[in-house]
Amino acid sequence: MALGANGPRTPGREPEYWMLFVPKGDFKLIDDWDTVGLRGTDSCSVEVTDAVIPH
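Below: a short report on this structure.

Analysis parameters
- Sequence positions are assigned chain by chain, starting from 1 and proceeding in written order.
- Residue-level local features of this predicted model are given only where pLDDT is at least 70; pairs of side-chain atoms are given and counted only at 80 or more, and the full residue set underlies all totals for whole chains, interfaces and linings.
- Water and hydrogen atoms play no part in the side-chain values, which are based on all heavy atoms of the structure.
- The numbering of helices and of strands both runs from the N terminus, where a helix is a DSSP run of H or I of at least 4 residues and a strand a run of E of at least 2.
- Should any heavy atoms of two residues lie within 4.5 Å, those residues are counted as being in contact.
- To count toward a patch, a residue needs a relative accessible area above 30% and no salt bridge. Like charges then connect within 9 Å, nonpolar side chains (Val, Leu, Ile, Met, Phe, Trp, Tyr) within 5 Å.
- Each accessible area is a Shrake-Rupley estimate made with a 1.4 Å probe; only the visible protein chains count as cover when residues are assessed.
- For this document, the term salt bridge refers to a Lys or Arg side-chain nitrogen within 4 Å of an Asp or Glu carboxyl oxygen.
- Partly exposed residues are those whose accessible area sits between 20% and 50% of the maximum for their type, while under 20% is buried and over 50% is exposed, using a 1.4 Å probe and protein chains only.

1. Observations regarding unusual backbone geometry
Okay, so step 1: Positioned with a positive phi, Asp50 is a non-glycine residue whose angle comes to about 55 degrees.
Okay, so step 2: Considering the arrangement of structural elements, one finds Asp50 in the segment after strand E4 (45–47).

2. Some details on the environment of Leu20
Okay, so step 1: Relative to the helices and strands, Leu20 is located in strand E2 (residues 17–21).
Okay, so step 2: Counting along the chain gives 19 residues from Leu20 to Met1, while the straight-line C-alpha distance between them is 8.0 Å.
Okay, so step 3: With sequence-adjacent residues up to four places away left out, Leu20 is seen in contact with Met1, Ala2, Leu3, Ala5 and Ile53.

3. Some points on a nonpolar patch on the surface
Okay, so step 1: On the surface, a nonpolar cluster with roughly 410 Å² of combined accessible area is contributed by Tyr17, Met19 and Phe21.
Okay, so step 2: Following the sequence through the fold, Tyr17 ends up in strand E2.

4. Quick notes on the environment of Arg9
Okay, so step 1: As for its placement among the helices and strands, Arg9 is situated in the loop between strand E1 (2–6) and E2.
Okay, so step 2: Overall, the relative accessible area of 56% leaves Arg9 in the exposed class.
Okay, so step 3: Not counting chain neighbours up to four residues away, the residues in contact with Arg9 comprise Glu14 and Pro15.

Now the structure itself:
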């Protein structure tokens, strides 16, 4: 799964935008987005717990 996230904010600086790649077994899809006009985008929420993000 490719995910976008804002990294930790350093005081006085804008947060960094991170692109994260999470293996299939390390996330859970949450089917909570059922908009008729955009159903084909396959958008939904994702839950990731206990992930290690290398610097």
